Amino acid sequence: MNGIVDLGVLRAARRSSHGKVFLVGAGPGDPDLLTLRAARLLARAEVVVYDHLVGDGVLDLIAPAAERLYVGKQRGRHALSQPEINALLVRLARQGREVIRLKGGDPFVFGRGGEELQALAAQRVAFEVVPGITAACGVASYAGIPLTHRDHAQACLFVTGHLKDGSCDLDWPALARPRQTVVIYMGLTALADICDQLVAHGLPPHTPAAVVQQGTTLDQQVVSATLADLAAHVADAGLQSPCLIIVGEVVRLRDELDWFDAQRAAASPTAQAALEAALSG
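Residues numbered from 1 in each chain as written. Predicted model: local features only at pLDDT ≥ 70, side-chain atom pairs only at ≥ 80, totals over all residues. Heavy atoms only, no water.

Engineer: Looking at this structure, I do not really get the sheet that holds strand 3 (residues 67-70). What am I missing?
Structural biologist: Backbone-to-backbone hydrogen bonds join strands into a sheet, with any given pair of strands oriented parallel or antiparallel. The sheet built from five strands is open, its strands ordered 3-2-6-1-7 with parallel pairing. Only two strands of the sheet have a single partner each, and these edge strands are strand 3 and strand 7 (126-130). On average, adjacent strands in this sheet sit at an angle of 20 degrees to one another, irrespective of strand direction. Strand direction decides the pairing type here: strand 2 (residues 47-50) and strand 3, joined by four bridges, are parallel. Bridging from a neighbouring strand, Tyr-50 pairs with Tyr-70 of strand 3. Strands in contact with helix 4 (residues 82-94) are strand 1 (20-25), strand 2, strand 3 and strand 6 (98-103); relative to strand 6, the strand with the most contacts, it is inclined by about 155 degrees. (Pairing = 2+ DSSP bridges. Helix = DSSP H or I, 4+ residues; strand = E, 2+ residues; numbered from the N terminus. Axes fitted to C-alpha atoms, helices over the stretch in contact; angles between N-to-C directions. Contact = heavy atoms within 4.5 Å.)

Here's what the structure looks like:
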């Protein structure tokens, strides 16, 4: 074959052996935040099982010939249940295929990645984990909010505002301790209750907090206020999931460190037109 590799032959050979599942973190949205390992796997992908929170820019990196299977979950609307997703991954791997299980953020941070790997391990299916930048780190960075700072926070807690039973019954005394940052995933619908509980358990009502919608993307929106009025400001802004809640004194640094929104504003057509008008004048 003069050194030419037939991809069809290679894939047929793979199917004759045992398959494998790659649990891949897609990061918080911006495709430039993918790891090199994740990008290389997507470029050669045979079949990709992906979630709702995986951005279009990341999906564009999937090999054109790859089979794409959407299994996304939204509040009250699931394409497949978790047991059905687990069974799908096992079935595809047992067909001898190389399966990319693509999940937003990092698959081990509120991503059910551990549950899926348990199902694979129970069925003796080979797997590998490719970490991703979790939403807390990526979104906070693009919002200009450092998660820790020697003058403001010596600890950082990641919690989910939506438990398995649908409740928001968290360890409020632990979350309301001073000199720490609290990052809450999936808490938008319970935002008012979260703010009230944090104040009731000891945080001052004037504690700064922010909600970030679609962080790291060009559609990013940030609303910052205090625990006393954050819920009202977010409602006025009409923010919708996916959102991340950040609570703590570090939020005060946003005005000084907001590089992404400033950069995006400078690159907008309106700003460019104003610059051209100023130069021509």
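Engineer: How should the pairing of strand 2 be read in this particular structure?
Structural biologist: Remember that side chains alternate between the two faces of the sheet whenever the strand is regular. With burial as the criterion, each face of strand 2 is covered, one bearing Val-47 and Val-49 and the other bearing Val-48 and Tyr-50. Examined bridge by bridge, strand 2 and strand 6 share four bridges and lie parallel to one another. Following the sheet pairing, Tyr-50 is matched in strand 6 by Leu-102. (Buried < 20%, exposed > 50% of the residue type's maximum accessible area, 1.4 Å probe, protein only.)

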